[in-house]
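Read off the chains here:
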There are 2 protein chains.
Amino acid sequence: MNRGKLFLIPSPLGEYDPAEVIPEGTLKVLRELKTFVVEEVRTARRYLSAAGLKGHIQELEFYVLNEHTCADEIRQLPALFEKGDVGLISEAGLPAVADPGAALVDLCHREGIQVIPLAGPSSLMLALMASGLNGQSFAFRGYLPAKPEERKAAIRRLEKDSAALRQTQIIIETPYRNDTLLKDLAEQLNPHTRICAAAALTTPEAFVRCQSAQQWRKDPVLIGKIPCVFLILAQ
Amino acid sequence: MNRGKLFLIPSPLGEYDPAEVIPEGTLKVLRELKTFVVEEVRTARRYLSAAGLKGHIQELEFYVLNEHTCADEIRQLPALFEKGDVGLISEAGLPAVADPGAALVDLCHREGIQVIPLAGPSSLMLALMASGLNGQSFAFRGYLPAKPEERKAAIRRLEKDSAALRQTQIIIETPYRNDTLLKDLAEQLNPHTRICAAAALTTPEAFVRCQSAQQWRKDPVLIGKIPCVFLILAQ
């Protein structure tokens, strides 16, 4: 069998020249592929064009895999590999990490299709590097509950887990709730627990601050509606 | 105050052209810096030279920050920023994630020095992308204990945590123990728990396989002594 491979292609975290954050090795593969599975076609085309693909964007084939794609449609994707290699691109950052692309990767393993991950930016890892918090042990916990009481309980649980495992806890939030979350973290956490907010990384608006809950309470900062990663480590 | 900033500079995961995995935006900053804090001077010089730095490697200043650096020496590093920007480089991949560089980042936050993380490859995230396992919830747990009984108990605990939080568990091992670890995982874990081995990513020897514990038992693979990341997800 001479089937194609699945290349996992990271994308930039903002609207800027892809070469700022995507290695030439990744861009080279991207420019040569003809078939793509993408979270959104419009963004993917724009990325390909900014990556220096010339002339033949109209000849490329795009298949959509997002939260609306049903299981039946996903099961048909492996047929694409009969024709050659396929690139998987998600909306921002690493494909198949916290996005529906993981279902295709999983399917490829089950069907014996080779999976090749390419290097690119991860907002979670950029935030972890920038925090100075424990990188020997960390967990990404996704979103906290939106309801105030559940959210407070979740914050205290995060701190308990962080203390028990000496584990940095990483969470994200819908941008319009960033400032509410930061306030909740500062108020609910132990005064000495460290909290890092890392926003808009890799863009000119990048912002990183890491200080104790006590310091955040004394000296609060408004993040605003930009992508932000929050990290906490109990002391 | 007009102090320098700390730039966090990722490095390649193997001996190849840095442009394969390091974005031009990161290489551009790397080539302009004059002062570096590095895990090992020899590797850092080689990286700078491969990154296209011309002529003035001899004029650069290198300071070592590794597991032998004492707390007193680390406390003196912020003085470097009086003279300008500083680059932090670790041995392979992201600086300050699972290496002593995190101590410098932490100190910079305490001293009000700006920290700027730059994009580059993370073996953990490449492995997570390539596994197709849950990327909405995952934890990096570092190394398991070396003693057989403790290690088996740790493996069963990982599976329990994975099931309770639907959390992908990521671990690493000293390369010469890769094959023992993979065997232990296959034997100790529930037959349906998925195990991914992702080795030598970004190099020509890259290998990724993700299958159930049962399948690993039936169809074992020898990884050998190459850098490998292991991931498990209870089903």
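This text follows the structure it describes.
Definitions and cut-offs
- Residues numbered from 1 in each chain as written.
- Chains lettered and ligands numbered in written order.
- Predicted model: local features only at pLDDT ≥ 70, side-chain atom pairs only at ≥ 80, totals over all residues.
- Helix = DSSP H or I, 4+ residues; strand = E, 2+ residues; numbered from the N terminus.
- Buried ≥ 20, exposed ≤ 12 C-beta atoms within 10 Å, placed from the backbone.
- Contact = placed C-beta atoms within 7 Å.
- Core = buried A, V, L, I, M, F, W, Y, C linked by C-beta atoms within 7 Å.
- Least-squares fit on C-alpha atoms with pLDDT ≥ 70 in both.

Caption draft 1: Fine view of the overall build of chain A. Scanning chain A from terminus to terminus reveals eight helices and 10 strands. Oriented by its inertia axes, the alpha-carbon framework of chain A measures out at about 60 × 35 × 30 Å. For chain A, buried positions account for 48% of its 235 residues. Expressed as a percentage of contacts within chain A between residues at least 6 apart in sequence, the contacts between residues at least 24 apart total 75%.

Caption draft 2: Just the nonpolar core, in detail. Ranked by internal contacts, the top residues of the largest apolar core, which has 150 residues, are A:A198, B:A127, B:A198 and B:F230. When residues no more than four places from it in sequence are discounted, the contact partners of A:A198 are A:L126, A:A127, A:A130, A:S131, A:V208, A:C228 and A:V229.

Caption draft 3: Representation of unusual backbone geometry in the model. The phi dihedral of A:A98 falls on the positive side, at around 60°, and the residue is not glycine. Counting through the fold element by element, A:A98 comes out in the loop between β4 (86-89) and α4 (102-111). C-beta crowding within 10 Å serves as the criterion here: with 22 such atoms nearby, A:A98 is assigned to the buried category. Non-glycine residue B:R166 carries a positive phi angle of around 45°. Along the chain, B:R166 falls in the loop between α6 (148-165) and β7 (168-172).

Caption draft 4: Structural view of the relation of the copies chain A and chain B. Of the transformation superimposing chain A on chain B, the axial component is 0.0 Å and the angular component is 180°, with the fit at an RMSD of 0.0 Å. Such a combination of turn and shift is consistent with a two-fold rotation axis. The overlap is high: 98% of the interface residues of chain A also sit at the interface in chain B, so the same surface is used on both sides.

Note that all results are geometric; they support no functional claim without further evidence.
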